[in-house]
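# Remarks on the overall topology
In case you want the letters, here they are:
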Amino acid sequence: MGSLVQIGVNGLAQGSIYALLALAIAVIYNTTETFNFAQGEFVLLAAYLSASLMGVMPWYLAMLVAIAAISLFGATAFQRVAYWPLRNATFEFVIVSTLGVSLFLRNIAKIIWGAIPRPYPEYFGGVWRVAGISIVKQHVLILAVTGLLIFLFYLFMMKTTLGAMMRATAQNKQAATLMGVKVNRMVSLTYFFAALLGSVAGILIAPIYFLTIDMGMATMNKGFAATIVGGFGSIPGAIVGGLLLGLVEAFATAFISPVYKDAYTFVTLIAILVFLPRGIFGERIAEKV
Amino acid sequence: MRFKRSYLWYLIGLVALLVLPQVISSPYTMFLLNMAVIYIILALGLNVVFGMTGMLNLASLAFSGIGAYTSGVLAVRFGLPFPLALIGAVLVTMAFGLVIGLPTIRIGGHYLAFMTIAFGEIMRLIFQNWTPVTGGAIGLSGIKYATIGPLVFKTHWSYYYLSVTLLLIMVYIANRVRVSKLGRAFEAVRGSEVAARALGINTYYHKVLAFVLGAAFGGVAGTLYAFLMRYVDPGTFTFEDSARVLTMVMVGGRGSIAGVVVGAFLLTFLPEWLRFLKDYYMAIYGLGILLIVLFLPGGVASLWDKVRARLAASRRSPAVQTSAGKG
Amino acid sequence: MALLEVNQAVKRFGGLVAVNKVDLTIEKGEIRGLIGPNGSGKSTMVNLISGVYRNDGGSIKLDGREIANLPAHTIANLRVSRTFQTIRLFGTLSVQENVMVGFYARSKSNLADVILNSPRLVKEEAGLRKRAEELLDLVELKPFKDQPGKSLTLGRQRVLEIARALAAEPKLLILDEPAAGMNPSEKEWLVDVIRRISQSGVSILLIEHHMPVVMALAEHIAVMNFGVKIADGTPEEIRQNDAVIEAYLGRREDDVAVG
């Protein structure tokens, strides 16, 4: 029983990270109807940048600065270069442009920080033992921060004018434009959130794994998987999909075999696509006539 | 008139292809040339699926992986010679294309792209972990030199003639598809599925057909890869490389066969040409992809069209040059 | 027997009934008009007949055969062709190739012919090219045959869609607002083209907004409003029908402009 709880917490923590990425993907999909294949690089950059900054400032400040820097980068330079010029092209163009940017950023990171994996400074290490159950503190932190972030995001979307504008843009861009919503501002905001979610995920996950050049890619792939499981463009779908994948992974690893850890995600994915082709919260997509 | 000119270009290209190895002395360059051929075949396959039919397949390397392992296993464990291993690999990749295509294509749209990512990841894991068949993480070794009857393709030079022959066959097939009613049906599906159906085209059937055809290209490319390396490494068939094949098609110009050939060739050699940049070369490569998508959205093929339009305009009359340039 | 008999057709979108028990008959060789204000259900009718939407009730019979809920491509192969209100050309293909797509169902060659470039295919392709040119000639678009379809003016794109639909050798040709976005001289050209097509023996269902075009062409006109048919008769009868006049009352000037 105790071990079940342990595995559950572990799975939820992993799943929260996937959910953050899936949320970023959903936010971008809703506003721009395309994908950002450089989403993983926000994860990577925030993790490495904060690790470096810890040499010159306290860890919490280093994290905040890294998150702020990456979020602003996403909202400005990144989005202006990789998305904005292609906003009227079909979605594959943005896929390729963001792939190009992703290659660029990852290799710049490699030049700056080197290709060798290294540990992330421990800031919240250790284990809690409660009634015979050991719970990794970092997992609890992940759950708390993700929960808070999702709650704040919800408040923003539902209770603020800017959030209402974003929802309007997601529903009908033309109508939103007619109502005076400035699309370029919405795009900036969208990428700000995407980069924010990505960089928080990076900082949360870095202590569990090593810092590696491919950590962004790997995390992003899981985020995409969570997106499919949850359903495209669905915010609750992103969260549920992410958590579900994390739990499946944790339990399958514990009870079946750790060798196929990544395979479980994709088996879940296929099962979902066979039985719920549009994901748990997905809508039907069809050419309009 | 248009046809004749294109034949002339094919002839020039053919001669260049045959003469090329004679001016190359470095085995590494020859190796890269063989790799370029393999990538061109993969890109041509993706061009059928994505370039013509409009379905985004991000698992090109999964299909070439299936081709490589199938032909490798047929050669190593069953002792089949190259031609039979090739046929087996093509049939198996096509079967995979059918099995993956039938359910996923029905869902369609953006989902297909993600289904293919998922498929690619699953195949990668199978390659890596199905040790009794694929050799697992160590890979599949012991593939003998490719032979066709008395011919043995030992060096990268001789192998090049084998791969180029297959390339020409694949270019021929791709071109046949493009200029025929099949290619028109594919392009119609890409243009508007509703309109294609209204003209009696069973769009689902054609999408599956395109997908299976594309898979066959992967089977050929994978077989060429297995016999070139004589070893199959499970780390080869990554999502990133599939994305690279997509980039080749976009950079070349989707839908254009000549463009895709040039795009795949350029992108295979570009990292080598950029090696003088040392650590920066992959970063510059990424930047290059971005710049091409931003400033040459029709790819290299559109550049060629522009040059031709410019030439035609200046030939007609210098006076109408500006207006023709606009139109 | 009538060519097409729609009996009590129904289409619902959620709670909205877009087409509510509508009857429509098209006789062989006639030009049938279908008019109505925006959102009256005309295009939904077209999408029902051509198989884009599923029919939620009633029957649709072509030559006495039930075609409701058949796949769109099957209906097309029973020789029902259509054009679209929002133009749907194949953007990557030339004008001539766009028309040639329309021959698809009539073509006999198979995959092996395509790959091997068999004599049969070569002959067929040559024939189709010639036939495409003839069709383009009929609609006066031959000079543009090698241009990309999308480079044509809006009016020409609409006529190209008609030529493409004709290539499938339809018994019934459905034109969904072919005059939309056309200038007056293009509209005259369109009327001329439709008349020529009709004279070649093709039955036509003409959905229109622009009254002069329908009045000039159609022998019988059905009028829809809010998903139901409110009138059916000769142009003269329609002009004087109170329900029709009421349906169009209060609408914008260009919608009411009866020629």
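Residues numbered from 1 in each chain as written. Chains lettered and ligands numbered in written order. Predicted model: local features only at pLDDT ≥ 70, side-chain atom pairs only at ≥ 80, totals over all residues. Heavy atoms only, no water.

### What about the overall build of chain C?
On a plain count of helices and strands, chain C comes out with 11 helices and 10 strands. In terms of overall dimensions, chain C is globule-like: its C-alpha atoms have a radius of gyration of 19 Å, near the 18 Å expected for 259 residues. Considering only C-alpha atoms, chain C reaches an extent of 60 × 40 × 35 Å along its principal axes. The buried share among the 259 residues of chain C stands at 55%. Excluding contacts between residues fewer than 6 apart, the proportion of contacts in chain C whose partners are at least 24 apart in sequence is 67%. Taken as a whole, chain C presents about 10800 Å² of accessible surface, with 52% of it coming from carbon and sulfur. (Helix = DSSP H or I, 4+ residues; strand = E, 2+ residues; numbered from the N terminus. Rg over C-alpha atoms; globule rule 2.2 N^0.38 Å. Buried < 20%, exposed > 50% of the residue type's maximum accessible area, 1.4 Å probe, protein only. Contact = heavy atoms within 4.5 Å. Areas by Shrake-Rupley, 256 points an atom, 1.4 Å probe, with all protein chains shown as cover.)

### Quick look at helix α3 (residues 59-82) of chain A
Taking the largest bend as the criterion, α3 of chain A deviates by roughly 45°, centred on Gly74 of chain A. In the core, the buried residues of α3 of chain A are packed alongside α2 (39-53), α4 (91-113) and α8 (183-205) of chain A together with α13 (281-295) of chain B. (Bend = angle between axes of the 7 residues up to and from the residue.)

### As for the interface of chain A and chain B
Every contact between the two is made by 45 residues of chain A and, on the other side, 36 residues of chain B. Carbon and sulfur atoms supply 80% of the area that chain A and chain B bury against each other, a total of about 3700 Å² over both sides. Sorting the residues of chain A by area buried against chain B places Phe93, Val96 and Phe266 of chain A first, and these three jointly supply 15% of that buried surface. Here chain A is connected to chain B by 2 salt bridges. For the interface between chain A and chain B, the tally reads 2 residue pairs in polar contact (both at pLDDT 80 or more). Elements with a contribution of two residues or more to the side of chain A that touches chain B: α3, α4, α9 (215-230) and α11 (261-275) of chain A. Of all the elements, α4 of chain A adds the most residues to the side of chain A that touches chain B, at 15 residues. Residue composition of the side of chain A that touches chain B, grouped by class: 31 nonpolar, 8 polar and 6 charged. (Buried area = accessible area lost by both parts, 1.4 Å probe. Salt bridge = Lys/Arg side-chain N within 4 Å of Asp/Glu carboxyl O. Polar contact = N/O pair within 3.5 Å; in protein donor to acceptor, adjacent residues only side chain to side chain. Nonpolar A, V, L, I, M, F, W, Y, C, P; charged D, E, K, R; others polar.)

### Considerations on the sheet that holds strand β5 (residues 65-66) of chain C
Residue and element names in this part refer to chain C. Across the sheet, 4 strands lie side by side as β2-β1-β4-β5; this open sheet has antiparallel pairing. Edge positions in the sheet fall to β2 (16-26) and β5, since each of these pairs with one other strand and no more. Bridge analysis of strand β1 (residues 4-13) against strand β4 (residues 57-62) gives 5 bridges, and the strand direction is antiparallel. Residue pairing across strands places Asn7 opposite Ser59, the latter belonging to β4. Contacts from helix α1 (residues 42-49) reach β1, β2 and β4 within the one sheet, and its direction differs from that of β1 by about 115°. (Pairing = 2+ DSSP bridges. Axes fitted to C-alpha atoms, helices over the stretch in contact; angles between N-to-C directions.)

### Side note on the environment of Val181 of chain A
Residues and elements named next belong to chain A. Its place among the elements puts Val181 in the loop between α7 (173-178) and α8. Residues Val181 and Thr90, spaced 91 residues apart in sequence, show a C-alpha to C-alpha distance of 22 Å. Setting aside anything within four residues of it in sequence, one finds Val181 in contact with Met165, Thr169, Ala176 and Met186.

### Focus on the packing of helix α5 (residues 137-159) of chain A against helix α6 (residues 161-171) of chain A
Residue and element names in this part refer to chain A. Look at α5 against α6: their axes get within 5 Å of each other, and the N-to-C directions meet at 80°. On the basis of their axis angle, the class for α5 and α6 is roughly perpendicular. When α5 is examined against α6, the residues Phe156, Met157, Met158 and Lys159 are found in contact with a partner set consisting of Thr161, Leu162, Gly163, Ala164, Met166 and Arg167. Grouping the constituent residues of the contact of α5 with α6 by class yields 6 nonpolar, 2 polar and 2 charged. (Parallel < 35°, antiparallel > 145°, perpendicular 65-115°, else oblique.)

### Comments concerning the side chain of Glu208 of chain C
All names here are of chain C. Take Glu208: it is sitting in strand β8 (residues 203-208). For the buried Glu208, which has no salt bridge, the nearest side chain bearing the opposite charge is Arg158, at an N-O separation of 7.3 Å. At 2.8 Å, the side chain of Glu208 forms a polar contact with the backbone nitrogen of Ala179. Contact partners of Glu208, with chain neighbours within four places excluded, come to Leu34, Ile35, Gly36, Lys42, Glu177, Pro178, Ala179, Ala180, Val213 and Val214. (Lys, Arg positive; Asp, Glu negative; His and termini not counted.)

### Description of the side chain of Asn57 of chain B
Checked against the element boundaries, Asn57 of chain B lands in the loop between α2 (27-52) and α3 (60-78). Side-chain polar atoms of Asn57 of chain B contact the backbone nitrogen of Ala59 of chain B, separated by 2.7 Å.

### Quick word on the pairing of strand β10 (residues 228-233) of chain C
Residue and element names in this part refer to chain C. Direction of pairing for strand β9 (residues 220-225) relative to β10: antiparallel, over a ladder of 5 bridges. Of the residues in β10, the one forming a bridge with Ile221 is Gly233. Here β9 folds back onto β10, and the loop between the two strands holds 2 residues, one of which, Phe226, carries a positive phi near 50°.

### Some thoughts on unusual backbone geometry
Residues and elements named next belong to chain C. The phi angle at Asp63 is positive, at roughly 50°, despite the residue not being glycine. Looking at the element boundaries, Asp63 is found in the loop between β4 and β5. Phi at Glu169 is positive, roughly 50°, even though this residue is not glycine. Along the chain, Glu169 turns up in the loop between α6 (154-167) and β7 (172-176). Judged by its relative accessible area of 35%, Glu169 is partly exposed.

### Brief notes about the sheet that holds β8 of chain C
Remark on secondary structure: sheet strands pair via backbone hydrogen bonds, oriented parallel or antiparallel. Residue and element names in this part refer to chain C. Spatial ordering of the open sheet is given by β6-β7-β8-β3-β9-β10, a layout of 6 strands whose pairing is mixed. Strands with a single pairing partner mark the edges of an open sheet, and in this sheet they are β6 (80-82) and β10. Neighbour to neighbour, the strand axes of the sheet diverge by 20° on average, direction disregarded. Sheet analysis places β7 next to β8, joined by 5 bridges and oriented parallel. Across the sheet, the residue bridging to Asp176 is Ile207, located in β8. On top of the sheet, α6 reaches β6 and β7; it is set at about 160° to β7, its chief contact. Against the sheet, helix α7 (residues 184-199) touches β3 (31-35), β7 and β8, its axis set at about 155° to β8.

### A closer look at the packing of aromatic side chains
If you walk through the whole model with that rule in mind, you get 27 aromatic pairs over all chains. Taken together, a centroid distance of 4.9 Å and an interplanar angle of 35° make the contact between Phe265 of chain B and Phe269 of chain B tilted. With Phe265 of chain B and Phe269 of chain B both in helix α12 (residues 257-273), this residue pair falls 4 residues apart, about one helical turn. You can call Phe265 of chain B partly exposed: its relative accessible area is 28%. Cluster of aromatic residues (ring-pair linked, three or more members): Tyr29, Phe35, Phe37, Phe91 and Phe224 of chain A together with Phe239 of chain B. The ring of Trp84 of chain A has Arg87 of chain A lying over it, and the distance from NZ or CZ to the ring centre is 4.0 Å. (Phe/Tyr/Trp six-rings, centres within 6.5 Å; stacked < 30°, edge-to-face > 60°. Lys NZ or Arg CZ within 6 Å of the ring centre and 35° of its normal.)

### Some points on the confidence of the model for chain A
Residue and element names in this part refer to chain A. Residues of chain A with pLDDT of at least 70 account for 96%, and the chain-wide mean is 88. Within chain A, no element has a lower average pLDDT than α11, which sits at 76, and none a higher one than α2, at 96. Per-residue pLDDT stays below 50 along residues 284-289; that stretch engages in 14 contacts with residues further than four places along the chain or on separate chains. (pLDDT = per-residue confidence, 0-100.)

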